[in-house]
Amino acid sequence: MSLFLSRVNLPVLSPTGRNFWENVKTAVVVYIIFTRLVKTERHVRARGIVHSVVDVYKSVVQETLLLALRFPAARKKVENELAKARLEIEKKLVPQGPGVTRHLSLPDQGHDTDWIIKEMAKMDEESGSHVDWRDGKVSGAVYHGGEDMQKVIIAAMERYCVSNPLHPDVFPAVRKMEAEIVAMVLKLYNNPNGAGTTTSGGTESIIMAVKTYRDWARATKGITEPEMVVPITAHAAFDKGAAYLGVKVHTIPVHPETRQVDIKRVRRAINANTIMIVGSAINFPDGNQDDIFALGKLASKHKVGLHVDCCLGSFIMPFLEEAGFPVQPFDFRVEGVTSISCDTHKGSSIIMYRDAALRRYQYYINPDWVGGLYGSPSIAGSRPGAIIAGTWAALQYMGHSGYLESCKQIVTAAKTIARRIKSEIPELRILGNPPASVVAFASAHESELNVLEVGDAMSKKGWHLNALSKPAAVHIAVTRLTIPVVDQFIADLKDSVREAQITPSGKGTMVMLYGLGQSSAVGPTMVGHIAEAFLDTMYKA
Ligand SMILES: *Cc1c(COP(=O)(O)O)cnc(C)c1O
């Protein structure tokens, strides 16, 4: 800036001119300082003074430690540890040994179906620690899992195997089914006159919502430095969307007892650059629901978007009331709710808006493209029509009564798990008061029991549960497959608590990975490197 000004400030200018440029210079400096101050003030207001000081302290410690890790001796040690971790990951994910065939280039001649299916069976075998999701011990992966349902979906997908909704004139039925899926889900969320689109999953729905509010705020309010306010328990897809789209995130803590986002803190974080606030119904980590009514009031008052994440609440939340379970309002009937994401399954999702005008900000339109007038509703261009057909078929197959019955059984199972942990396992405590299908438990006394040890002991008994942090906890997302194994879950959990108390191994995946993340200021950076290694390994053929 000063370089530019001094270059302009040439002797040609009269003394009055020089004075003028001096004033401009001062004004620019004052402007920069002022905007920095405003930003800092907004940041501190959102985080709170204590948190802001702690943040600064933590980042200084982290920077210092990371600097220290650059010294050769330290760096070597870190690199060794990372190499070890990488090997461990490879051993787990990539089948090895002389018997393993690797298909690294196209076969010279094509194979027949028999060969292909046999080869797939071999690959299922090779992975060794093959997990059977059918036994119900996998948390929140397959939601229905019935063979009857699988047949329906396969039949639908087979029929529309090569269809692509990018060509509605070629595949008119797929276009119609897609529109009908959106209509059915809008009705379920009490907004029959609203608008929406299908997406490839919860993450895409959430990224689309962030994009919609960003473009809406730019067009209607002139906001060029967008910010959003997100509960700490909201899904990482919000941070991902913000990172992709250049939106600043204010992360707001939840109340330690209710696990609902602190409404006062949300209010303090809203400022003139806020495009949206977020609530979950229910959230992924502990299955609790934010106070959507209070968030709606804030959104209306400040004229910002309110996105409610029902990706996980999906087809459970809308049926709770009719199934006779207590539920706080969460859908479009709440004033201020402007969008909702709802997954028809993990990997297939709907993003809904209060009205079609808001949905228009989600679209991408390019009238000038050499390839022709181009318009696309979401991130993908071409999309698999088979997924749409499969989804449509699943909704038709289940029907209202099917979902209602599933809701009753799943939520009863989840509530049984929560109730029995409370009454029979005093070493554990339930996080919040989860209304639907997810139950998270933490150690009642962290100094006496490491709940991640309990999670690792459960893994040894064949359970696939999720580890959580802040606080360390473990959750189970109940699906239809969990219903018959609730008693076994409680029995195994009791044994696991005892094992973790008597002989903690300190070596399980949860303890290593999540313990490391919280062990020191550089923990998160190290865990980040391990995550990179994990992703690299995913593409090791
Ligand atoms: C899983 C999940 C998402 C993201 O969905 P993906 O299918 O992983 O893209 C978003 N929100 C919640 C609450 C979720 O549980």
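Just so we're clear, the structure is a prediction, and the values are computed from it rather than from any experiment.

### Things to note about the pattern of salt bridges
Here the structure, examined in full by the defined rule, presents 20 salt bridges. Here Glu-499 makes a salt bridge to Lys-461, at a shortest N to O gap of 2.7 Å. With Glu-499 in helix α16 (residues 486–502) and Lys-461 in the loop between α15 (451–460) and β12 (466–468), the pair connects residues that are 38 residues apart, well separated along the chain. Residue classification places Lys-461 among the partly exposed residues on the basis of a relative accessible area of 22%. Put simply, Arg-420, Glu-424, Asp-487 and Lys-494 are held in one network by salt bridges that share partners.

### Structural notes on the nonpolar core
Ile-277 and Phe-489 are the most contacted members of the largest nonpolar core, which totals 90 residues. Summarising the domain contributions, this core has at least three residues from each of domain 1 (154–397) and domain 2 (402–538). If near-sequence neighbours (up to four positions away) are discounted, Phe-489 is found in contact with Ile-417, Phe-441, Met-458, Trp-463, Leu-465 and Ile-476. Membership of the second largest hydrophobic core comes to 24 residues, among which are Ala-209, Val-230, Ala-242 and Leu-245.

### What about the state of the cysteines?
All chains considered together, the criterion is met by 0 disulfides. No disulfide involves Cys-310; its sulfur sits 6.9 Å from that of Cys-342, the nearest cysteine. On the basis of relative accessibility, which here comes to 0%, the residue Cys-310 falls in the buried class. Of the cysteine sulfurs around Cys-407, a residue in no disulfide, the closest is that of Cys-342, at 13 Å. With a relative accessible area of 0%, Cys-407 lands in the buried category.

### A short note on the environment of Arg-419
By secondary structure assignment, the location of Arg-419 is in helix α14 (residues 385–424). Between the alpha carbons of Arg-419 and Ile-430 there is a distance of 9.0 Å; along the sequence they are 11 residues apart.

### Re the site of the ligand
In the vicinity of the ligand, the contacting residues are Gly-202, Thr-203, Ile-206, His-235, Ile-282, Phe-284, Asp-309, Cys-311, Leu-312, Asp-343, Lys-346 and Gly-347. Here Asp-309 contributes a side-chain N or O atom positioned 2.6 Å from a nitrogen atom of the ligand. Take Lys-346: an N or O atom from its side chain is 2.8 Å from an oxygen atom of the ligand. The protein chains hide 87% of the 380 Å² of surface that the ligand would expose on its own. At 3 residues, helix α8 (residues 202–221) tops the list of elements feeding residues into the shell around the ligand. Looking at the shell around the ligand, its residues break down into 5 nonpolar, 4 polar and 3 charged.

### Looking at helix α11 (residues 292–302)
Of the positions making up α11, those classed as buried are Ile-292, Ala-294, Leu-295, Gly-296, Leu-298 and Ala-299. Buried residues in α11 make contact with α10 (263–269), β4 (274–280) and β5 (305–310). Trailing α11 by a residue or two, Lys-303 shows a phi angle of about 55°, which is positive.

### Focus on the environment of Gln-109
Here Gln-109 shows up in the loop between α4 (72–93) and α5 (113–126). The class of Gln-109 is exposed, set by a relative accessible area of 63%. Distance in space between the C-alpha atoms of Gln-109 and Gln-62 is 55 Å, their sequence separation being 47 residues.

### Re the domain arrangement of the protein
Per the domain assignment, the segments of the protein are domain 1 (154–397) and domain 2 (402–538). Counting from both sides, the interface comprises 22 residues of domain 1 and, opposite them, 22 residues of domain 2. Of the roughly 1900 Å² buried between domain 1 and domain 2 on both sides combined, carbon and sulfur atoms contribute 72%. At the boundary of domain 1 with domain 2, the tally comes to 0 salt bridges.

### Description of the packing of α8 against helix α9 (residues 237–245)
Packing of α8 against α9 leaves a shortest axis separation of 9 Å and a crossing angle of 50°. As judged from the angle between their axes, α8 and α9 are oblique. The crossing of α8 and α9 is right-handed. Each of Thr-203, Ile-206, Ile-207, Val-210, Lys-211 and Arg-214 in α8 lies in contact with α9, whose residues at this interface are Ala-237, Phe-238, Lys-240, Gly-241, Ala-242, Tyr-244 and Leu-245. Tallied by class, residues from the contact of α8 with α9 come to 8 nonpolar, 2 polar and 3 charged.

What counts and what doesn't
Residues numbered from 1 in each chain as written. Predicted model: local features only at pLDDT ≥ 70, side-chain atom pairs only at ≥ 80, totals over all residues. Heavy atoms only, no water. Salt bridge = Lys/Arg side-chain N within 4 Å of Asp/Glu carboxyl O. Helix = DSSP H or I, 4+ residues; strand = E, 2+ residues; numbered from the N terminus. Buried < 20%, exposed > 50% of the residue type's maximum accessible area, 1.4 Å probe, protein only. Core = buried A, V, L, I, M, F, W, Y, C linked by side-chain atoms within 4.5 Å. Domains from an automatic or database assignment. Contact = heavy atoms within 4.5 Å. Disulfide = S-S within 2.5 Å. Near = heavy atom within 4 Å. Polar contact = N/O pair within 3.5 Å; in protein donor to acceptor, adjacent residues only side chain to side chain. Areas by Shrake-Rupley, 256 points an atom, 1.4 Å probe, with all protein chains shown as cover. Nonpolar A, V, L, I, M, F, W, Y, C, P; charged D, E, K, R; others polar. Buried area = accessible area lost by both parts, 1.4 Å probe. Axes fitted to C-alpha atoms, helices over the stretch in contact; angles between N-to-C directions. Parallel < 35°, antiparallel > 145°, perpendicular 65-115°, else oblique. Left-handed = near helix turned anticlockwise from the far one by under 90°.

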